[in-house]
Amino acid sequence: MTFPSTHWTAAALLASTALLQAAPPASLSPFLEKHCAQCHDAETKKGGLDLDALKFELQDAKEFATWVKVHDRVLEHEMPPKKKPRPSAGEAAAFLHELATPLAAADQARAASEGRSTWRRLNRYEYENTLRDLLGAPWLQIKEMLPEDGEAFRFNKVGDALDVSHVQMARYLGAADYALREVMARQLAKPEKQVTRYYARDDRSFAGRVKFGQFNKSPERATFPILGAAAADIPALEGKAPMTVGKADPVRREQEAMGVVASSYEPIEISFSNFKAPLSGRYQLRFNAFSFWAGPESEAKWWKPSRTDLTTGRTREPVSIYSQAPPRQLRYLGAFDVTPEPSVQAMEVWLLAGETVRVDAARLFRSRPPNYRNPLAEPDGQPGVAYRWMEVEGPILDAWPTQGQRLLFGDLAMKKTAQGVEAVPKNAKADAARLLRAFLAKAYRRPVEAADVQRFTAVIQKALASGSSFTDAMIAGYSAALCSPGFVCLEEMPGPLDDHALAARLSYFLWNSTPDPALREAASRGALRDPAQLRAQTERLLSDPRSGRFVNAFLDYWLDLRKADITSPDAGLYPDYYLDDLLVESATQETQRFFAELVRGDLPSRNLVAADFAMLNERLAAHYGLPSTAKVTDPHSESEATGAAPPKTARVEGVAIRRVKLPPGSVRGGLMTQASVLKVTANGTTTSPVLRGAWIMERILGQPSPPPPASVPAIEPDTRGATTIREQLDKHRAQESCNVCHAKIDPAGFALENFDVLGGWRERYRALGDGDKEAGLGKNGQPFAFHLGPPVDPSGTLPDGRKFDDIRSLKKLLLADERQLARNLARQLVVFATGAPVRFGDRAELEQILDRAAASKFGVRTIIAEIVQSSLFQNK
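Definitions and limits used
Residues numbered from 1 in each chain as written. Predicted model: local features only at pLDDT ≥ 70, side-chain atom pairs only at ≥ 80, totals over all residues. Heavy atoms only, no water. Helix = DSSP H or I, 4+ residues; strand = E, 2+ residues; numbered from the N terminus. Buried < 20%, exposed > 50% of the residue type's maximum accessible area, 1.4 Å probe, protein only. Contact = heavy atoms within 4.5 Å. Areas by Shrake-Rupley, 256 points an atom, 1.4 Å probe, with all protein chains shown as cover. Expected span 1.5 Å × (residues − 1). Polar contact = N/O pair within 3.5 Å; in protein donor to acceptor, adjacent residues only side chain to side chain. Pairing = 2+ DSSP bridges. Phe/Tyr/Trp six-rings, centres within 6.5 Å; stacked < 30°, edge-to-face > 60°. Lys NZ or Arg CZ within 6 Å of the ring centre and 35° of its normal. Arc of directions from axis to C-beta. Axes fitted to C-alpha atoms, helices over the stretch in contact; angles between N-to-C directions. Parallel < 35°, antiparallel > 145°, perpendicular 65-115°, else oblique. Nonpolar A, V, L, I, M, F, W, Y, C, P; charged D, E, K, R; others polar. pLDDT = per-residue confidence, 0-100. Core = buried A, V, L, I, M, F, W, Y, C linked by side-chain atoms within 4.5 Å. Salt bridge = Lys/Arg side-chain N within 4 Å of Asp/Glu carboxyl O. Left-handed = near helix turned anticlockwise from the far one by under 90°.

### Some points on the overall build of the chain
Then, number 1: Secondary structure summary: the chain contains 30 helices and 24 strands in total.
Then, number 2: Considering the chain as a whole, with its 876 residues, one finds that 53% of them fall into the buried category.
Then, number 3: Sequence separation of at least 24 residues holds for 75% of the intrachain contacts in the chain that already meet a minimum separation of 6.
Then, number 4: Just so you have it, the chain exposes about 37900 Å², and 54% of that area is on carbon and sulfur atoms.

### Quick word on the environment of Pro87
Then, number 1: Among the structural elements, Pro87 can be located in the loop between α3 (61-75) and α4 (89-114).
Then, number 2: As for Pro87 and His77, which are separated by 10 residues in sequence, their C-alpha atoms are 9.6 Å apart.
Then, number 3: The residues contacting Pro87, other than those within four sequence positions of it, are Phe31, His35, Pro80 and Ala92.

### Digging into helix α5 (residues 124-135)
Then, number 1: In this model, α5 (12 residues) spans 16 Å end to end at C-alpha, consistent with the 16 Å of a helix rising 1.5 Å per residue.
Then, number 2: Burial within α5 is extensive, with 11 of its 12 residues counted as buried.
Then, number 3: Inspection of α5 places Arg124, Tyr125, Glu126, Tyr127, Glu128, Asn129, Thr130, Leu131, Arg132, Leu134 and Leu135 among the buried residues, and these make up the whole buried set.
Then, number 4: The opening residue of α5 is Asn123, an N-cap whose side-chain oxygen sits 3.0 Å from the backbone nitrogen of Tyr125.

### Description of the sheet that holds strand β12 (residues 356-361)
Then, number 1: The 4 strands lie next to each other as β6-β12-β9-β10, forming an open sheet whose pairing is antiparallel. The open sheet has two edge strands, β6 (271-272) and β10 (329-338), and neither has a second partner.
Then, number 2: Note: β6 against β12, 2 bridges, orientation antiparallel. Pairing of Phe272 across the sheet is with Val357, part of β12.

### As for the packing of aromatic side chains
Then, number 1: This model, assessed by the stated rule, comprises 32 aromatic pairs.
Then, number 2: Considering the side-chain rings of Phe224 and Phe292, the 5.9 Å spacing of their centres and the 75° angle between planes classify their relative orientation as edge-to-face. Residue Phe224 is found in strand β3 (residues 224-227), and its partner Phe292 is found in strand β7 (residues 281-294); the two are separated by 68 residues along the sequence.
Then, number 3: Take Phe224: its relative accessible area is 2%, and that puts it in the buried class.
Then, number 4: Taking relative accessible area as the criterion, Phe292 reaches 1% and is therefore assigned buried.
Then, number 5: Their ring planes at 35° and their centres at 5.5 Å tell us that Phe594 and Phe613 sit as a pair that is tilted. Here Phe613 lies in strand β17 (residues 613-616) and Phe594 lies in helix α20 (residues 581-601), a separation of 19 residues in the sequence. Across the pair, exposure class does not vary: Phe594 and Phe613 are buried alike.
Then, number 6: An aromatic cluster of at least three residues, connected via ring pairs, comprises Phe155, Phe509, Phe550, Phe554, Trp558, Phe595, Phe832 and Phe873.
Then, number 7: We note Arg314 situated over the ring of Trp293; from NZ or CZ to the ring centre the distance is 3.8 Å.
Then, number 8: Seen from the ring of Phe487, Arg445 lies directly overhead, with NZ or CZ sitting 5.6 Å from the centre.

### Structural notes on helix α18 (residues 531-543)
Then, number 1: Spanning 13 residues, α18 covers 18 Å between terminal C-alpha atoms, matching the ideal 18 Å at 1.5 Å per step.
Then, number 2: Of all the positions in α18, only Leu534, Gln537, Thr538, Leu541 and Leu542 are classed as buried. Taken end-on, α18 shows its buried residues confined to a sector of 135°, consistent with a single buried face. Residues of α18 that are exposed and point more than 90 degrees away from the buried face comprise Ala532 and Ser543.
Then, number 3: Between a side-chain oxygen at the N-terminus of α18 and the backbone nitrogen of Ala532 the separation is 3.0 Å; the capping residue is Asp530.

### Here we look at unusual backbone geometry
Then, number 1: Going from Pro326 to Pro327, the amide bond is cis rather than trans, its omega being -5°.
Then, number 2: The topology assignment puts Pro327 in the loop between β9 (317-325) and β10.
Then, number 3: Omega for the peptide link from Trp400 to Pro401 comes to -5°, which places this bond in the cis form.
Then, number 4: Position of Pro401 among the secondary structure elements: in the loop between β13 (382-396) and α11 (403-409).
Then, number 5: The phi dihedral of Asp560 falls on the positive side, at around 60°, and the residue is not glycine.
Then, number 6: Inspection of the secondary structure puts Asp560 in the loop between α19 (547-558) and α20.
Then, number 7: At Phe858, a residue that is not glycine, the phi angle is positive and equals roughly 60°.
Then, number 8: Residue placement: Phe858 occurs in the loop between α28 (843-853) and α29 (860-869).
Then, number 9: Relative accessible area serves as the criterion here: at 10%, Phe858 is assigned to the buried category.

### Some details on the packing of helix α23 (residues 689-700) against helix α27 (residues 818-834)
Then, number 1: The contact between α23 and α27 brings their axes to 8 Å, and the two run at 80°. On the basis of the axis angle, α23 is roughly perpendicular to α27. Where α23 approaches α27, its residues Glu698, Arg699 and Ile700 are matched on the opposing element by Leu821, Asn824 and Gln828.
Then, number 2: Class assignment of the residues belonging to the contact of α23 with α27 gives a composition of 2 nonpolar, 2 polar and 2 charged.

### A closer look at the confidence of the model for the chain
Then, number 1: Averaged over every residue, the pLDDT of the chain is 87; the share at 70 or more is 87%.
Then, number 2: Segment residues 212-219 is flagged for pLDDT under 50; beyond a separation of four residues in sequence, or across chains, it makes 13 contacts in the model.

### Comments concerning the nonpolar core
Then, number 1: Phe509, Phe554, Trp558 and Phe595 are the most contacted members of the largest nonpolar core, which has 108 residues in total.
Then, number 2: The leading source of residues in this core is α27, at 9 residues.
Then, number 3: Contact partners of Phe509, with chain neighbours within four places excluded, come to Phe550, Leu829, Phe832, Ala833, Ile864, Val868 and Phe873.
Then, number 4: Among the nonpolar cores identified, the runner-up in size contains 48 residues, and Ala179, Phe409, Leu436 and Ala463 belong to it.

### Remarks on the pattern of salt bridges
It is possible for side chains of opposite charge to pair when their charged atoms get near one another.
Then, number 1: Using the criterion set out here, one finds 68 salt bridges in the structure.
Then, number 2: Of the charged contacts, one joins Glu269 and Arg358 as a salt bridge, the two residues approaching to 3.2 Å between their closest N and O atoms. Highlighted residues: Glu269 in the loop between β5 (256-260) and β6 and Arg358 in strand β12, separated in sequence by 89 residues. Residue Glu269 shares its accessibility class with Arg358, and that shared class is buried.
Then, number 3: Connected through shared salt-bridge partners, Glu151, Arg154, Asp560, Arg562, Glu698 and Arg699 make up one network.

### Observations concerning the pairing of β12
Then, number 1: The element β12 is largely enclosed, with a buried count of 6 among its 6 residues.
Then, number 2: Of the two faces of β12, the one carrying Thr356, Arg358 and Asp360 and the one carrying Val357, Val359 and Ala361 are both buried.
Then, number 3: Alignment of β9 against β12, held across 6 bridges, turns out to be antiparallel. Within β12, the position partnered with Tyr322 by the bridge is Arg358.

### Quick notes on the packing of α27 against α29
Then, number 1: Here α27 crosses α29 at 50°, and the two axes come no closer than 10 Å. The angle between α27 and α29 places the two elements in the oblique class. By crossing handedness, the relation of α27 to α29 is classed as right-handed. Counting all contacts with α27, which are made through Ala822, Leu825, Ala826, Leu829 and Val830, the residues of α29 involved are Val860, Ile863, Ile864 and Ile867.
Then, number 2: Along the lines of polarity and charge, the residues of the contact of α27 with α29 split into 9 nonpolar, no polar and no charged.

Here it is as C-alpha cells:
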C-alpha cells in the first residue's frame, strides 16, 4: 500500500483545506454500499459503526479516527469479514487509494498548522540526566523525587500525557534545590583522595553474626572466621579470642577473612558498614576475596570446622555489589567473580554521601525458616565465599573546584561559616547578574534572552532583600531557572525545528539528556541543516557511552523492562527462582545488551524475533539449559558480520555478559524468549497466552488488540492443575464476541507456553495441591511444594490460517514479513524520538525510511539514522 507524498506545495496545502469540509468522495460510495452498508447502517450498527451517520468532516478528530479505522480494516483484510463476499484486489486497492488521499491531506494540513507533536516537559528520566550532565554530578538520584510520568502510545515522551501541575512544579523545585546544594563545595580546600582498607574481621556486620544461630535458634552460622585460604580460625570462632589481631600483626591480618555460605538477605545482611562515603562522588572499590569449599555440617547441625574442613573452592562465585542507605535502600552498582585463589577485584562507582557498601555472594542460597537446607550442599560440603577486605580510594575529583561549583559561583572566593561554605561576592548585584547569565547559557538549550536574565535576577534580588545570604539567593534564582519552561520544557514551534531545537531533539533521543558542547556548537553554526553533518552527529552520539541511556529508557517503556522487579516468582510454584536477584538482574542486562548489540553492529531487525546469538552470562546460560561451552565473542569486539575473526569456543563462565553463539535449533534468540520479557508478561505465579499474545502482537508486530469489554471477566489460570489455560480459553472463545479478538492474540501466546514465569523451559505445567512433589530445594532452602501438572501444548493457528507447532515454527512464520518487523520498530522509535505517534499522514514518510533502510536488511542503527534524517524528526 502506498500513501500520498508528504512533500507539500502551497497549492496542495490550500487544496487540503477544502477536503476538510467536503462530503465523502463519490468514488467511495459503490464500495461502501456493496461491502459495508449491510452491517454498518443505521439499523444494524455492527461494532458500533453507523456509516449512514458518519460524516466526512476530517477536521473533527473523532470522525477522522473512524475513517482511518475503516481504511485499516480493509487494508488488513479484516473487513469485509470472511463470511461475506470479498472485494477483488483491484477493487480494494482503488477504494483504499480514494480514501487514503483525503485522509493524508487532512492529517498533513493539521500537522503543518499545529505540529505533529504536543509541546511537552522533560520526563523524570530526562530531568535527572540533564541535571547530572549540567552539574557534572553523575551520582545525583533525582528521578524518584518526581511523580511518575504519564504514558501515551506506550512511552513517557508524549506531551498529552505529561501534565504540569502545582504538585509537579513543587517537586521540580525541591529536586532542583537538592541537586544544586549537592554539588556545592562543602569545604574550602580540595578533599584529599584517600586510600583506606576496611577489614571484614573489624566490621560488626561480619563479626557480629558469628553466633547468629545461637540467638535465633537457627542451625546456621551466618559468618565464620577463616585464616589463610583454607583454614578455620578456631579460637575466634568459639569466641575465645579477639576476632582479629589488628595492627599488632600486619602479616597475619592480611590472611584473616570472614566466610559465608549464604547469600546476603534479611536477617543476614552483610556489608562493609565501617565505611560511609564522606562525599558524593566517584570512588574506586577493591575487594580481596576468594571462594572455598566447606566441609559438611555435624549431626547437631552446628558447623564446627577443623582445619581440614575448608578446602579450595571448586568454582568461581559471582558477587553483587550494592550501595546501601538507611534503612535498606539498595542500589545496584555492579558485579564480579571471585576465584578459588585469593584475588583483588576492582570497580569504579558513584556513591552518595553517607552510603555504605553491601556485598552479596549472589549464587548462594538465602535461608528462610523453618528447617531449611542448603540446596547447593553435597555430601562432602558446600560452596562459600570469604572476604578479607574492601579498599576504598576516593573521592576521586577530576578538578577543583568541581564542575558544579564553578557553574554556580565561578571564580568567587569562598568562606567557611556556621552554615557551611558560602560564596563571597565582590559586588552582589553585578556578580549575581554575571553568574546567572553564565548559568542560563549552559542550562538553556537555546540562546539566552535579556528577559530570561531579568526574570531570575528579580528572584535573586528579592531573596537578598529579605535577608538571605548571597549563596542562598543564588540558589533560589538557579532553582527557579531549573523549574522554568525554558529548562523544563522542549521549546518546539510548528514547522521545521530551528537548529537548537533540532540539537535538543537529537540529544534527548539518543542520550536522553541535554546537548553537549559539541552539539551546541554545531547548532550555533547551523551545521545540523547539512544532512552529512547531521548524520555525523548521529553517529557520534550513538557511539558515545551515553547512548546506553537511550537503550535503557527506550526498552523500559517499549518492552516494559522497568517492571522486571514488580513481581516475584511464587515461593510455592517457583522456589528455584524465588529470591534469585542474580537471575533477574542478569535477565534485564541481557535484553539491554542485546538491543545495544543490534544498534552497535547495525544488525537486521529480524533479530528481534530470531537471532543466532544471545547476550549471556553463566547464570543465564544455566537457566536456558545451554551447553557449558559455546562460541563466545568478546563483548567489545566486532561482530561476525563485520568480517572479524570467528569467535572462539570457550566456557560461558562468570557474571559478565558476553555475546554467545546459540546452538542450531535453539529456542532462544530474539526478544520473545528472553527471561526479562517472559517475566514482565507473567505475574510471578502463572502465565497467560492472552497477555503474552497481545504483547507480541503489539510490541513486536505492531498490531495492537482492542481492550477487552468491561463486562467480560479475566481468565485466571488454574494453579491446582485441574484444567489447562488452553481448555479454559476454548470455553471462553466459544462466544463469538470473544473469539473475534482472541483468534488474533491467543495463538502467539500459546507458542510461549513452553516458557514459565521467568523464561525457564517447561514441557509440563507446575501445580500445587495433591500430587507427587518434585524433588529439590529452592533458593530459600525449603523443599519443593509443587508437582507436575498437564503437558504444555504450544501449537496454534494464526488468523491467516498458517499453523505452527511451537515457538521455533512461529518464529519462521513471523519472519516471512521482515518489513513489518522493521516498520513496528521504526514506529516505536518515532514515538520515542519525537513525542508523537506515526499518524496517518506520516505513513508515506515512514515507508520512505524503510525504503532507505532496506539495503541494510533493515539494520537497527540504519533505521535510527534514517529517522533522524526524516521530516518526521526535523519538524515539530
